[in-house]
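Structural overview
Below, each chain spelled out in residue letters.
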Amino acid sequence: AKVMDKTGKNVTEVFIKGAHSALSACNQHHIKLAILARRSPSCGDRLIYDGTFSGRTISGMGVTAALLKQHGITVFNQDTIDEAAEYFDKINTSTP
């Protein structure tokens with residue numbers, strides 16, 4: 001991952017630390033589903049901003065979304081709340 005701020009400063013390490021903090025919280029609380037902010041360089045689950053600060057998006061996942069997914073946490077965004085609800089119902093009915 002590489003994340004730059006508007007001034008061109010590399011802020012990747014801060015994003016990676018934040019992603020690991022989110023993963024730690026998910027693990028501590030046994031979270032299996034996360035609803036994150038769409039298009040964010042940290043939380044985007046399908047599209048992320050392209051880094052030009054022009055509002056354009058590209059296919060991809062943000063730093064936190066990717067890390068959570070790599071560790072088995074299913075990620076949704078605010079536009080996919082209905083899918084998240086269906087998934088939540090599914091995992092709650094299949095767990096004893």
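Cut-off values and rules
- Residues numbered from 1 in each chain as written.
- Predicted model: local features only at pLDDT ≥ 70, side-chain atom pairs only at ≥ 80, totals over all residues.
- Heavy atoms only, no water.
- Helix = DSSP H or I, 4+ residues; strand = E, 2+ residues; numbered from the N terminus.
- Buried < 20%, exposed > 50% of the residue type's maximum accessible area, 1.4 Å probe, protein only.
- Polar contact = N/O pair within 3.5 Å; in protein donor to acceptor, adjacent residues only side chain to side chain.
- Contact = heavy atoms within 4.5 Å.
- Phe/Tyr/Trp six-rings, centres within 6.5 Å; stacked < 30°, edge-to-face > 60°.

Looking at the element boundaries, Ser40 is found in the loop between β1 (33-36) and β2 (47-49). For Ser40, a relative accessible area of 17% puts it in the buried group. Polar side-chain contacts of Ser40 include one of 3.0 Å to the backbone nitrogen of Cys43. When neighbours within four sequence positions are excluded, Ser40 is seen to be in contact with Ile48 and Gly62.

Quick look at the environment of Ile81 now. Residue placement: Ile81 occurs in helix α3 (residues 81-93). Residue class for Ile81 comes out partly exposed when judged on its relative accessible area of 40%.

What follows is about the side chain of Thr12. Topologically, Thr12 is positioned in helix α1 (residues 12-28). Not counting residues within four places of it along the chain, the set of residues in contact with Thr12 comprises Ala1, Lys2 and Val3.

Here we come to the environment of Ile58. If you trace the backbone, Ile58 turns up in strand β3 (residues 57-59). Residue Ile58 is classed as partly exposed on the basis of its relative accessible area, which comes to 41%. Remark: the alpha-carbon pair of Ile58 and Arg39, spanning 19 residues in sequence, is separated by 8.7 Å. Residues in contact with Ile58, not counting those within four places in the same chain, are Arg46, Leu47, Ile48 and Asp50.

Let us now look at the packing of aromatic side chains. Tallied over the full model, the rule gives one aromatic pair. Measuring from ring centre to ring centre gives 5.9 Å for Phe76 and Tyr87, while their planes differ by 50°; the resulting arrangement is tilted. One end of the pair, Phe76, is in strand β4 (residues 74-77); the other, Tyr87, is in helix α3, with 11 residues separating them in the sequence. Judged by relative accessible area, which is 6%, Phe76 ranks as buried.

Our focus in this paragraph is the environment of Ile73. In this structure, Ile73 sits in the loop between α2 (63-70) and β4. A C-alpha to C-alpha distance of 9.6 Å links Ile73 and His30, two positions 43 residues apart in sequence. Sequence-distant contacts of Ile73, that is, excluding residues within four places in its chain, are made with Leu23, Cys26, Ile31, Lys32, Leu33, Ala34 and Leu68.

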